[in-house]
Amino acid sequence: MNPVISATGLWTPPHSVTNAELVESFNAWADKWNSENKAEIEAGTLEAKTHSSVDFIEKASGIKSRYVVEKTGVVDPDYMRPKIPERPNEELSILAEIAVLAANQALERAGRDAKDVDAVICAASNMQRAYPAMAIEVQEALGIDGFAFDMNVACSSATFGIQTAADYIRAGNAKSVLMVNPEITSGHLNWTDRDSHFIFGDVATAVLVEAEDIAPDDHWKILGTQLKTRFSSNIRNNFGFLNRADPSGIGTHDKLFVQEGRKVFKEVVPMVSEMILSEMERLKLKPEQMRRLWLHQANANMNRLISSRVLGHEASENESPTVLDEYANTSSAGSIIAFHKHSEDFQPGDTGLICSFGAGYSAGTVFVERAG
Ligand code: COA
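Right, let's walk through the structure included here. No experiment lies behind these values; they were computed from the predicted model shown.

The rules behind the values
Residues numbered from 1 in each chain as written. Predicted model: local features only at pLDDT ≥ 70, side-chain atom pairs only at ≥ 80, totals over all residues. Heavy atoms only, no water. Near = heavy atom within 4 Å. Polar contact = N/O pair within 3.5 Å; in protein donor to acceptor, adjacent residues only side chain to side chain. Areas by Shrake-Rupley, 256 points an atom, 1.4 Å probe, with all protein chains shown as cover. Helix = DSSP H or I, 4+ residues; strand = E, 2+ residues; numbered from the N terminus. Salt bridge = Lys/Arg side-chain N within 4 Å of Asp/Glu carboxyl O. Buried < 20%, exposed > 50% of the residue type's maximum accessible area, 1.4 Å probe, protein only. Phe/Tyr/Trp six-rings, centres within 6.5 Å; stacked < 30°, edge-to-face > 60°. Lys NZ or Arg CZ within 6 Å of the ring centre and 35° of its normal. Pairing = 2+ DSSP bridges.

## Some details on the site of the ligand
Ser52, Arg194, Gln259, Arg262 and Asn299 are the nearest of the 18 residues found near the ligand. Between Arg262 and the ligand, the recorded distance is 2.9 Å, taken from a side-chain N or O atom to an oxygen atom. Between an oxygen atom of the ligand and a side-chain N or O atom of Asn299, the distance comes to 2.7 Å. Its free accessible area being 970 Å², the ligand has 72% of it covered by the protein chains. Mapped by element, the contributors of at least two residues to the shell around the ligand are helix H3 (54–61) and helix H7 (261–282).

This is how it looks when you write it as structure tokens:
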């Protein structure tokens, strides 16, 4: 049974934070921290915090703004984290809620009734809790009969989720699999870390992977999927049940997102470019046949390098669309947002690549062709 992508969905939070707003709150926080720690700084036992800069953020990453589910907390220099109240168990969790919003759009676009979906996979970097699985809560909220589970492959979760869904269909264990990527990255970002406070944004995406014989006419053939992992601690978050983070989120640096950005850049660009090129060879696809690359959205310069290695020339915005300028890095959802927003113009037979990469390291490729 051939697996295809029937439709995608996107939910964008209502609040956007510009680099200027972000830097203003960070700098106010840094000034306050410096004055509170004046004596230690003067004694040389603590290093003063330096200001962040809008120019640096845009040049180094390409990010201009990010969406967040809660804005007042992250721009408050006295708080520096989202103000998201805990909900009682009887209420839908916020992560499930945003997944359902994206999922409903995908189901609607595919003309699929939720009761005809067989399985739900929640593939994301930032699960709200250990268990019960977020995916089972989404399944329940949508009224899906079947099975559901969570998987976390950090920024590559969506492509790993697509291959997993595709494998269920190939094996005949399901005909319609809903894969959701709710990312509340604002909860695991250290808003007081100058090196990374600008990196992430919140969002939710959904991809409906189905057997070709039940898919709507307007779908995407999956030509091939490939996954790769290689262990690295250069992107890491040590938060877990064997340790307790300071509830303020401040001063527990490694229980939030940390990375060696330069090393990630240098090591991941060749790993991903080589992986894409070898998969293109296996699928007998030439660079000129690749109409578009929907790449993971972490850094605009990184995407420029990867796309030029794959295509053999500097990619135009049309060939490698950017969404991180508006959304920042949305972890697993980045390449799916790019695909969702920049694929309507594809004609039957046009070919493209959804590609993700990130912590693990992990990388995934999903080559697709517009059907019709
Ligand atoms: N404002 C102003 N200056 C800053 C700054 C900020 N917010 N953050 C860092 N700097 C400074 C550094 O202190 C450093 O100064 P120095 O040269 O005097 O030491 C300089 O800018 C360069 O810092 P560096 O961290 O080397 O920047 P970079 O060019 O590597 O860009 C990233 C940083 C994170 C944008 C970039 O490395 C990146 O995107 N890497 C890939 C990350 C990735 O894909 N991660 C996956 C996450 S899922």
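Resuming the write-up.
## Digging into the pattern of salt bridges
As a working rule, side chains carrying opposite charge can pair if their charged atoms are close by. In total, this model carries 20 salt bridges according to the counting rule given. Between Asp213 and Lys175 there is a salt bridge; the shortest N-O distance is 2.8 Å. With a gap of 38 residues between them, Asp213 in the loop between strand S7 (203–211) and strand S8 (220–229) and Lys175 in the loop between helix H6 (157–170) and strand S6 (176–183) connect regions that are remote in the sequence. Residues Asp345 and Arg291 are paired through a salt bridge, measuring 3.0 Å at the closest nitrogen-oxygen approach. Here Arg291 lies in strand S11 (residues 290–295) and Asp345 lies in the loop between helix H10 (334–341) and strand S12 (351–358), a separation of 54 residues in the sequence. A relative accessible area of 33% means that Asp345 is categorised as partly exposed.

## Describing the packing of aromatic side chains
Tallied over the full model, the rule gives 13 aromatic pairs. Three or more aromatic residues link up through ring pairs in this structure, and these residues are Trp220, Trp294, Phe339 and Phe346. Here the basic side chain of Lys49 rests over the ring of Trp33, its NZ or CZ set 4.6 Å away from the ring centre.

## Some words on the pairing of S8
Bridge count for strand S1 (residues 3–11) against S8 is two bridges, and the pairing is antiparallel. The partner of Val4 across the bridge, within S8, is Lys221. Pairing between S8 and strand S13 (residues 362–370): nine bridges, direction antiparallel. Along S13, the bridge assignment pairs Trp220 with Arg370.

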